Amino acid sequence: MDPLGAPSQFVDIDSLPAWNDCCEADQLDSHKTQAEKPQLDVRSPFPYRQDINAKIILWKGNVALLNCTAIVNTSNESLTDKNLVSESIFMHAGPDLRDELQKLKGTVRRFLEIHGETLEKVVFAVSELEQATYQKLLPLYFPRSLEEECHSLPCLPADIGNSEGEPVVPERQIRISEKPGAPDDNSDEEGLEADISFIGSHAFARMEGDIDKQRRLILQGQLSEAALQKQHQRNYNRWLCQARAEDLSDVASLKALYQTGVDNCGRTVMVVVGRNIPVTLIDMEKALLYFIHVMDHIAVKEYVIVYFHTLTSDYNHLDSDFLKKLYDVVDIKYKRNLKAVYFVHPTFRSKVSTWFFTTFTISGLKDKIHYVENLQQLFTAIPPEQIDFPPFVLEYDARENGPYYSSYPSSPDL
């Protein structure tokens with residue numbers, strides 16, 4: 001009630017139900033016993049957190065009527081966007097608001113993980129049209145149970161930003177350390193004889209000039225083919241230097257890329273295991289660096305790739321933008337010496353996706369793709385003793401196509 005006794009039009013946040021309390025009837029209760037909770041082999045980057053969910057509120061109403069400390073509303077870069085919501089905010093807040101506008105960067109989830117103790121509640125004030133969309137998207141970032149976390153994992157986008165939820169655009173990253181080019185440790189023992197191989201591999205040395213200007217010149221045909229090749233080689237060398245300096249042990253432990261034997265023509269065989277690539281959980285820039293680190297000396301000669309698509313799920317599928325970036329970054333020797341890609345155990349969906357990708361994005365790969373429905377077909381090009389198979393690939397092929405070879409060479413570590 002206001003001083004005159006009339007009902008207030010403003011809404012007290014404490015009267016609104018939290019996200020934890022909005023579970024639908026068909027959902028399992030988030031307060032299950034441990035024995036009833038599903039066991040997750042791979043955890044979501046946004047795990048189930050009851051303490052965070054208790055701070056989240058999804059409310060259908062006018063954000064300007066909330067009795068709260070601060071509100072955030074989308075706008076343009078100059079903060080002059082005009083719409084029904086912004087006009088309502090200005091009307092209720094008064095003229096001083098225009099001088100106090102601030103932008104909130106990063107996602108709410110990451111902000112709560114880092115600064116959650118300083119906030120009591122966060123309300124998503126939505127319209128009737130927006131409510132259904134938020135009800136579908138919130139469980140991805142604020143799962144209310146382990147089961148909901150498990151179901152939401154395959155639906156997360158490949159790019160979930162940095163540790164604070166901000167989108168990462170590598171071409172626009174300029175990170176300057178206190179002493180660019182200097183090693184992290186200050187050991188006096190090495191002195192002037194310290195290894196200077198790190199020079200050029202630090203993030204500071206990865207600046208590539210005005211990216212927009214370079215692309216504009218390319219589109220206008222003002223950069224010669226020789227200049228383009230020289231620029232591409234320079235960029236690749238930067239990636240290679242960083243790949244040699246970076247700690248990539250976490251990516252290597254996935255055993256998603258490794259060298260095995262040779263094919264019938266004596267060409268090196270590289271194996272890619274799709275099921276071992278948790279796309280939503282790994283740093284994709286590190287994955288690219290690891291690919292370069294492993295493949296740089298392999299690609300100097302002719303080679304083939306065997307890709308096991310066996311038993312992959314949605315969160316194992318590499319994004320087409322990442323594959324395009326990888327293809328654009330690597331040296332010309334990768335493309336010239338790659339003679340075949342054997343796509344083992346493809347699905348109809350993967351065939352369609354690959355057709356579109358190799359037709360409209362990277363046409364140079366199209367004639368090198370060979371779909372292999374079973375291992376017997378693969379053995380016509382590569383002897384079975386020349387491939388280290390993940391055990392689940394052998395089990396799947398035997399179950400679907402029947403045993404073919406008396407003993408497959410499998411690797412217990414894969």
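Scoring rules and cut-offs
Throughout, residues of each chain are indexed from 1 in the direction in which the sequence is written. Side-chain atom pairs in this predicted model are given and counted only at pLDDT of 80 or more, local residue features only at pLDDT of at least 70, and totals for whole chains, interfaces and linings cover all residues. The basis for every side-chain value is the complete set of non-hydrogen atoms in the structure, without hydrogens or water. The predictor rates its confidence in each residue with pLDDT, a number between 0 and 100. Note on contacts: a residue pair is in contact if any heavy atoms of the two residues lie within 4.5 Å. One requirement defines pairing of two strands: DSSP has to find at least two bridges between them. Here a strand is any run of E in DSSP of at least two residues, a helix any run of H or I of at least four, and the numbering for each starts at the N terminus. For helices, the fitted axis covers only the stretch in contact; all axes are lines through C-alpha atoms, and the angles between them, taken along N-to-C directions, range from 0 to 180 degrees. Burial classes follow relative accessibility: with a 1.4 Å probe on protein chains only, a residue under 20% of its type's maximum area counts as buried, one over 50% as exposed, and anything between as partly exposed. What qualifies as a polar contact is a pair of N or O atoms within 3.5 Å, subject to a donor-acceptor requirement within protein and to the restriction that residues adjacent in sequence count only when both atoms come from side chains. The rule is short: rings of Phe, Tyr and Trp, with Trp giving its six-membered ring, pair when the centres are within 6.5 Å, and they are stacked under 30 degrees, edge-to-face over 60, tilted in between. Only when the NZ atom of a Lys or the CZ atom of an Arg is both within 6 Å of the ring centre and within 35 degrees of the ring normal do we say a charge sits over the ring. In this description, a nonpolar core means a group of buried Ala, Val, Leu, Ile, Met, Phe, Trp, Tyr and Cys residues linked to one another through side-chain atoms lying within 4.5 Å. Handedness of a crossover is defined as follows: orient the strands so they point away from the viewer, and if the path from the first strand over the helix to the second runs clockwise, the crossover is right-handed. One side-chain nitrogen of Lys or Arg within 4 Å of one carboxyl oxygen of Asp or Glu is enough to make a salt bridge.

Participant: Sorry, what's going on with the confidence of the model for the protein chain here?
Facilitator: Close inspection of predicted coordinates is inappropriate in any region flagged by low pLDDT. On average, residues of the protein chain score 76 in pLDDT, and 66% of them are at 70 or above. Throughout residues 28-37 the model reports pLDDT below 50, and contacts reaching past four residues in sequence, or to other chains, amount to nine contacts. pLDDT under 50 marks residues 101-106. Its contacts with residues more than four places away, or in other chains, come to nine contacts.

Participant: How should the sheet that holds strand β5 (residues 257-262) be read in this particular structure?
Facilitator: Pairing is mixed in the open sheet, where five strands are placed in the order β5-β6-β7-β8-β9. The outermost strands of the open sheet, each flanked by one partner alone, are β5 and β9 (369-372). The mean inter-strand angle of the sheet, taken between neighbouring strand axes irrespective of direction, is 25°. Inspection of the sheet shows strand β6 (residues 268-273) paired to strand β7 (residues 303-308) by six bridges, in the parallel sense. Pairing of V273 across the sheet is with F308, part of β7. Packed on one face of the sheet, helix α9 (residues 284-295) meets β5, β6 and β7 and runs near 25° to β5.

Participant: Explain the side chain of T312 here, please?
Facilitator: Structurally, T312 can be placed in the loop between β7 and α10 (320-329). A relative accessible area of 19% means that T312 is categorised as buried. At a separation of 3.1 Å, a polar atom in the side chain of T312 contacts the main-chain carbonyl oxygen of H309. Within the local environment of T312, its side chain forms a polar contact with the side chain of H317, the two groups lying 3.3 Å apart. Aside from chain neighbours lying at most four places away, what touches T312 is G274, R275, Y307 and H317.

Participant: It is not clear to me how the packing of aromatic side chains should be interpreted in this structure. Could you clarify?
Facilitator: Two measures describe an aromatic ring pair: the distance that separates the ring centres and the angle between the ring planes. Applying the stated criterion across every chain yields a total of nine aromatic pairs. Plain terms: the ring middles of Y307 and F343 are 4.9 Å apart, the flat faces sit at 80° to each other, and that makes the pair edge-to-face. Pair noted here: Y307 is in strand β7 and F343 is in strand β8 (residues 338-344), with a separation of 36 residues, a long-range link. Of the two residues, Y307 and F343, neither departs from the other in class, the shared state being buried. Among the aromatic side chains, those forming a connected cluster through ring pairs are Y236, F291 and Y334. Above the ring of Y371, the side-chain terminus of K351 is found at 5.6 Å from the ring centroid.

Participant: Would you explain the environment of F379 in this entry?
Facilitator: If you trace the backbone, F379 turns up in the loop between α13 (375-378) and α14 (391-401). With 115 residues separating them along the chain, F379 and N264 place their C-alpha atoms 9.3 Å apart.

Participant: For this particular structure, what's the right way to read the nonpolar core?
Facilitator: One recurring pattern in soluble globular proteins: nonpolar side chains tend to sit buried together. L257, I292, M295, Y303 and Y334 are the most contacted members of the largest nonpolar core, which totals 39 residues. Breaking this core down by element, the ones donating at least two residues are α7 (225-245), β6, α9, β7, α10 and β8. Ranked by residues supplied to this core, first place goes to α9 with nine residues. Beyond its immediate chain neighbours, meaning those up to four positions away, M295 contacts L257, M270, Y303 and Y334. Counting residues in each nonpolar core, the second largest holds 21 residues, with F379, I387, V393 and L394 among its members.

Participant: Whenever I open this one, the pairing of strand β4 (residues 122-126) confuses me. Can you help?
Facilitator: Two faces belong to every sheet, and in a regular strand the side chains alternate between them. The buried count for β4 comes to four of five residues, which makes it a mostly enclosed element. Sheet topology places strand β2 (residues 56-60) next to β4; five bridges connect them, and they run parallel. Across the sheet, residue W59 finds its bridge partner in β4, namely A125.

Participant: What exactly am I supposed to notice about the pairing of β7 here?
Facilitator: Most of β7 sits out of view: six of its six residues are buried. Neither face of β7 is open: one carries Y303, I305 and Y307, the other V304, V306 and F308, and all of them are buried. Note on the crossover from β6 through α9 to β7: the handedness is right-handed.

Participant: Could you clarify how one ought to interpret the pattern of salt bridges in this entry?
Facilitator: Pairing is possible between side chains of opposite charge, provided their charged atoms come close. For the structure shown, the criterion picks out 10 salt bridges. For D250, the salt bridge is made with K286, and the minimal N-O distance between the two is 3.6 Å. Note that D250 is positioned in helix α8 (residues 249-252) and K286 in helix α9, a separation of 36 residues in sequence. Salt-bridge contacts for K333 lead to D296; the nearest nitrogen and oxygen are separated by 3.0 Å. Of this pair, K333 sits in helix α11 (residues 332-337) while D296 sits in the loop between α9 and β7, and the two are 37 residues apart along the sequence. Across this residue pair, the class does not change: K333 and D296 are buried. Taken together, the shared-partner salt bridges connect R244, D296 and K333 into one network.

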